[in-house]
Amino acid sequence: PPRSTLSSSSAASDVYKRQDNQNLKNYFIDIGGEILIKGNKKKSPWIVCIENPDISNSKPIKCLSKKDNEKYMAIATSGDYRNFFTLDNKRYSHTIDPKSGFPISNNLASVSVALPGQFRHTGDADALATALNVMGLNNGFEFAVENSIAALFVFKSENEFSIRMTPSFEDIIH
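Numbers given for residues are sequential positions, taken from 1 along each chain in its written order. Two thresholds apply to this predicted model, a pLDDT of at least 70 for residue-level local features and 80 or more for giving and counting side-chain atom pairs, whereas whole-chain, interface and lining totals are computed over all residues. As a convention, hydrogens and water are excluded, and side-chain values are obtained from all of the structure's heavy atoms.

Attention now moves to the confidence of the model for the protein. Predicted coordinates in areas of low pLDDT are best not read in detail. As a per-residue quantity, pLDDT reports the predictor's confidence and falls between 0 and 100. For the protein, mean pLDDT is 84; residues scoring 70 or higher make up 89% of the total. Helix and strand definitions follow DSSP, with helices as H or I runs of at least four residues and strands as E runs of at least two, each counted in order from the N terminus. Least confident of the elements in the protein is helix α1 (residues 3-21), whose mean pLDDT is 60; most confident is helix α3 (residues 137-146), at 97. Across residues 1-6 the pLDDT falls below 50, and counting only partners more than four positions away or on other chains, this stretch makes 5 contacts in the model. The contact definition used throughout considers only heavy atoms, calling two residues in contact when any of these lie within 4.5 Å.

Here you go:
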């Protein structure tokens, strides 16, 4: 992952450890798009919405929330709709495929992963989102389903964005 990703994972980890050490039962931490929620917002669940990569559409793609029986939920998104570069009129992702050593080239705009449970580190969600993004839509989706990962894939189809959710992600839609 990019150095900035590692920094936000580390920072989020430090912040939530401090919150837990102070015995806080409810919090929402968002550092660099890596989110960790614990407990509830007053008596209602925290609601997290996934941003639409289409800048002309401000409506979130989907919103999700942690179930009452889960202590934490870590959420991270990996994509290239914000971080990319153009060279010789060709668009390149900032994410590097470790097999080829070159930027990934697929139709995914983003992959969001939510990891609910009794304890999760935001770095786990970030690593999975990045790995699924590198795998591409079909292989990434198949891997996520086989491993019961709550994942939302946003991909480019024709001139619009479409989504594909794993059953585990559908379970946490708010």
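Still more to cover.
In this section: the packing of aromatic side chains. Side-chain rings of Phe, Tyr and Trp (the six-membered ring for Trp) are treated as a pair once their centres are within 6.5 Å; stacked means planes under 30 degrees apart, edge-to-face means over 60, and tilted covers the remaining angles. Evaluation of the coordinates by the stated rule reveals 2 aromatic pairs. Between the aromatic rings of Phe 141 and Phe 153, the centroid separation amounts to 5.8 Å while the plane-to-plane angle is 65°, which identifies the pairing as edge-to-face. Within this pair, whereas Phe 141 is found in helix α3, its partner Phe 153 is found in strand β11 (residues 150-157), the two being separated by 12 residues in sequence. By the burial criterion, Phe 141 is buried, and Phe 153 matches it. Each residue is assigned to one of three classes by its accessible area relative to the maximum for its type, calculated with a 1.4 Å probe on protein chains only: buried under 20%, partly exposed between the two thresholds, exposed over 50%.

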